[in-house]
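# Secondary and tertiary structure notes
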Amino acid sequence: GAASLATAAMVNGNLTMSGLTSQLDLNANITVLGNVSFGALQTINSNNSTITVGGNWLKLGTFIQGSGNVIFNGAGSQTLSAMNFNNLIINKSADTLNLTGDVSINGDLTLTAGNLDLKAFSCSRTAIGGILSLIAGTRLKIGGTSNFPSNFDNLVIPATSTVEYNGSIAQTVKAIAYGNLTFSNGGSIVKSLGGSVTVNGDVKININSAFDALSFTIDLYGHWIDSGTFIPSTSTVKMSGGIPIDS
């Protein structure tokens, strides 16, 4: 059957679709303190509403994203399965939103607070446009071969945000302007620059990680902190902020 929400509501537990075939039409904002889950033959139509989720998003059926927002704001670890969103916002006071499948974005991707861990999955825009924003203090973790979010027309990445390449496989580091740029995991398996980069914060190579700058230039305004392995190859590191190297 079909149901609709006409006025703003809060669900203190989980929002679970029941019935073999069913549809929920949202014509108002809804906050779910627990999980959102719906099965293979079930549909949530968000229209232009905002859905705020404190738990996990478990989707097998159809999500019609409309022109609305989905906000993840749980205080603990959360998971997000494969999904297409309009605007996706991570606003967590603590911990991480972890992808368990590929996510596509029609609008903007915003990290207001907390962490987003892509693992080896994609979280890219369906077509060129929109804004990827990492607000100060947030962290984007990238575990795939080359899965930095793509197709965003505008990148807002302040100096106090962090992008961490933490895969245990060979990774290509996207050629953009970063805040803090961190490398973790992988041992002797190398993470390599895909082009010249600007780092407005710090470069940090953690223990048990290796980073190769190849033939490119790193324009660094913060600290260089090397506890792992740096392979300079024929690269250039410009200490544009005048801060000594820490190693």
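Note: the structure precedes this text.
Residues numbered from 1 in each chain as written. Predicted model: local features only at pLDDT ≥ 70, side-chain atom pairs only at ≥ 80, totals over all residues. Heavy atoms only, no water.

## Thoughts on the environment of Asn206
By the secondary structure assignment, Asn206 is in the loop between β27 (203-205) and β28 (210-212). Note: C-alpha distance between Asn206 and Thr162 (44 residues apart in sequence) is 14 Å. A distance of 2.8 Å separates a polar atom in the side chain of Asn206 from a polar atom in the side chain of Ser184. (Helix = DSSP H or I, 4+ residues; strand = E, 2+ residues; numbered from the N terminus. Polar contact = N/O pair within 3.5 Å; in protein donor to acceptor, adjacent residues only side chain to side chain.)

## Let's talk about the nonpolar core
By size, the foremost hydrophobic cluster in this structure holds 55 residues, and its most contacted members are Trp57, Leu80, Phe85, Leu88, Phe148 and Ile218. Among the elements that make up this core, the one with the highest residue count is strand β14 (residues 87-99) (four residues). (Core = buried A, V, L, I, M, F, W, Y, C linked by side-chain atoms within 4.5 Å. Buried < 20%, exposed > 50% of the residue type's maximum accessible area, 1.4 Å probe, protein only.)

## What to know about the packing of aromatic side chains
Tallying each qualifying case throughout the model produces 11 aromatic pairs. Pairing Trp57 with Phe85 gives two aromatic rings, centres 5.6 Å apart and planes at 70°, and the pair type is edge-to-face. Here Trp57 is found in strand β9 (residues 57-59), whereas its partner Phe85 is found in strand β13 (residues 83-85), with 28 residues between them in sequence. Just as Trp57 is buried, Phe85 falls in that class too. Ring plane angle 85° and centroid distance 6.4 Å describe the contact between Phe148 and Tyr178, whose orientation is recorded as edge-to-face. Here Tyr178 lies in strand β23 (residues 177-178) and Phe148 lies in the loop between β19 (139-142) and β20 (152-156), a separation of 30 residues in the sequence. As far as the burial class goes, Phe148 and Tyr178 line up, both buried. In this structure an aromatic cluster arises from ring pairing among Phe148, Tyr165, Tyr178, Phe183, Phe211, Trp224 and Phe230. (Phe/Tyr/Trp six-rings, centres within 6.5 Å; stacked < 30°, edge-to-face > 60°.)

## What to know about the sheet that holds β13
In space, the three strands of this open sheet follow the order β13-β15-β17, with parallel pairing throughout. Sheet topology places β13 and β17 (123-125) at the edges, where each strand pairs with a single neighbour. Between one strand and the next, the sheet's axes are offset by a mean angle of 20°, whatever the strand orientation. As judged from the three bridges shared by β13 and strand β15 (residues 103-105), these two strands associate in the parallel manner. The partner of Phe85 across the bridge, within β15, is Ile105. (Pairing = 2+ DSSP bridges. Axes fitted to C-alpha atoms, helices over the stretch in contact; angles between N-to-C directions.)

Honestly, that's just the spatial picture; any functional story needs more than this.
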